[in-house]
Amino acid sequence: MTREAESLTAQAYNIIRTEIIVADFRPGEKLTINRLMEKFDLSRTPVREALVRLQDEGLVHAVPQSGTFVSRIDLHMAAAALYIRETVERRVTSELCEKATEEDITRLRAILRETDDAVANQDFVAFYKADNGFHELTYAIAGHPEVFKWISDVTTPLDRFRYLRTITEELPWKRTQNEHRVIVNAIAAHDASKVVDSVMDHLDPMLNDREKIVSRFPQYFENA
């Protein structure tokens, strides 16, 4: 595959993957190559290759004689993904505290302002992306951007759950914002112990709201 073809496949993959994570393509929904080509102005080969990659990740599944469908969310896999996040981020955040510069703190605070704007505008997708961008930046500051990419590839069930959690009105967005602010303040103070504890406090409750989420979106889950 040429570099250009790889780039087009990556573009198609990222677009379709995001649409699945933010539930624009819902679990059980059929995805056809022609529909995706038309919707996103993409050519056939990149879309086909993207669907193969998404199937490898479990985001879609093929049914013989029927087509390709968006997979439902596996809560067992979401719990496993959370375990991976907690284990890796305990180490990453410790290193982050040692390496963060004033410029890094400024960049993190800029993302906090993005989440503020998203809340003010009730923009669910923007809030989710800013939240994800916050964590991506912490990995980059710690010197492990490739680890975040790997984490993102294996924790998609948790990401899908997180988005549904974001759009559930009863769950306070401000809690996430406040937790991020505590984390940034601890990083600015170079208090490694506080940073690790704050990140764990942020991650630990992530699946605690599963009953509320599943009751609102029962058709989205396969083993609720």
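Residues numbered from 1 in each chain as written. Predicted model: local features only at pLDDT ≥ 70, side-chain atom pairs only at ≥ 80, totals over all residues. Heavy atoms only, no water.

*Asks:* What should I look at first to understand the nonpolar core in this one?
*Replies:* Soluble globular proteins tend to pack their nonpolar side chains together in the buried interior. Membership of the largest hydrophobic core comes to 46 residues, with the highest contact counts inside it found for L108, F134, L164, I187, F217 and F221. Within the residue set of this core, elements represented by two or more residues are α4 (75-99), α5 (102-120), α6 (124-142), α7 (145-154), α8 (156-166), α9 (173-188), α10 (192-203) and α11 (210-216). Those residues in contact with L164 that lie beyond four places of it in its chain are A23, I73, I213, F217, Y220 and F221. (Core = buried A, V, L, I, M, F, W, Y, C linked by side-chain atoms within 4.5 Å. Buried < 20%, exposed > 50% of the residue type's maximum accessible area, 1.4 Å probe, protein only. Helix = DSSP H or I, 4+ residues; strand = E, 2+ residues; numbered from the N terminus. Contact = heavy atoms within 4.5 Å.)

*Asks:* Just to check I follow, could you spell out the packing of α4 against α6 for this structure?
*Replies:* Close contact between α4 and α6 brings their axes to 8 Å; oriented N to C, the two are set at 55 degrees. One element, α4, and the other, α6, form an angle in the oblique class. Considering only the axes of α4 and α6, their crossing is left-handed. Between α4, through R85, V88, E89, V92, E95, L96 and K99, and α6, the contact on the second element is made entirely by H135, T138, Y139, I141 and A142. Residues that form the contact of α4 with α6 fall into these classes: six nonpolar, two polar and four charged. (Axes fitted to C-alpha atoms, helices over the stretch in contact; angles between N-to-C directions. Parallel < 35°, antiparallel > 145°, perpendicular 65-115°, else oblique. Left-handed = near helix turned anticlockwise from the far one by under 90°. Nonpolar A, V, L, I, M, F, W, Y, C, P; charged D, E, K, R; others polar.)

*Asks:* Honestly, the sheet that holds strand β3 (residues 67-70) in this entry has me stumped. Any pointers?
*Replies:* Strand pairing within a sheet occurs via backbone hydrogen bonds; the two strands may be parallel or antiparallel. With antiparallel pairing, three strands are arranged side by side in an open sheet as β1-β3-β2. Each edge of the sheet is formed by a strand with only one pairing partner; in this case those strands are β1 (30-31) and β2 (60-63). Pairing geometry for β1 and β3, over two bridges, is antiparallel. Its bridge partner being in β3, K30 is matched across the sheet by F69. (Pairing = 2+ DSSP bridges.)

*Asks:* Where do I start with the packing of α6 against α9 in this structure?
*Replies:* Where α6 contacts α9, the two axes come as close as 12 Å, and the packing angle between them is 25 degrees. Looking at the two axes, α6 sits roughly parallel to α9. Like other packed secondary-structure pairs, α6 and α9 cross with a definite hand, here left-handed. Between α6 and α9, the residues in contact are F124, F127, D131, F134 and H135 and W173, T176, Q177, H180, I183 and V184, respectively. For the contact of α6 with α9, the per-class residue count stands at six nonpolar, four polar and one charged.

*Asks:* Mind showing me how you'd approach the layout of surface pockets here?
*Replies:* Space left empty within the atom packing is revealed by a probe, the size of a water molecule, rolled over the atoms. Of the voids in this model, the largest pocket is the one considered here, and its volume is about 450 Å³. Elements with a minimum of two residues in the lining of the largest pocket: α1 (3-21), α6 and α7. Taken together, the residues of the lining of the largest pocket break down into seven nonpolar, four polar and seven charged. (1 Å grid on protein atoms, 1.4 Å probe; cavity = no way out; pocket = protein on both sides within 12 Å on 5 of 7 lines; lining within 4 Å. Points joined across faces, edges and corners; volume = space filled by probe spheres on them.)

*Asks:* Explain a negative patch on the surface to me, please; I cannot follow it from the model alone.
*Replies:* Residues D191, D197, D201 and D204 make up a contiguous surface patch of negative charge. Positionally, D201 belongs in helix α10. (Patch = residues over 30% accessible without salt bridge, like charges linked within 9 Å, V, L, I, M, F, W, Y side chains within 5 Å. Areas by Shrake-Rupley, 256 points an atom, 1.4 Å probe, with all protein chains shown as cover. Salt bridge = Lys/Arg side-chain N within 4 Å of Asp/Glu carboxyl O. Lys, Arg positive; Asp, Glu negative; His and termini not counted. Charge placed at Lys NZ, Arg CZ, Asp CG, Glu CD.)

*Asks:* Can you help me understand the pairing of β2 in this one?
*Replies:* The sheet contact formed by β2 and β3 spans four bridges and is antiparallel. Bridge pairing in β3 links H61 to F69.

*Asks:* Explanation requested: the environment of V52 in the structure shown.
*Replies:* Structurally, V52 is set in helix α3 (residues 44-56). Remark: the alpha-carbon pair of V52 and A62, spanning 10 residues in sequence, is separated by 9.5 Å.

*Asks:* Is there a simple way to explain the side chain of E86 in this structure?
*Replies:* Inspection of the secondary structure puts E86 in helix α4. Among buried charged residues, E86 stands out as having no salt bridge; its nearest opposite-charge side chain is R90, 6.5 Å away. Leaving out residues up to four positions away in the same chain, E86 has contacts with M200, L203 and D204.

*Asks:* Could you clarify how one ought to interpret the side chain of S152 in this entry?
*Replies:* As for its position among the elements, S152 is in helix α7. On the basis of relative accessibility, which here comes to 15%, the residue S152 falls in the buried class. Ignoring any residue separated from it by four or fewer positions in sequence, one finds S152 in contact with R17 and D159.

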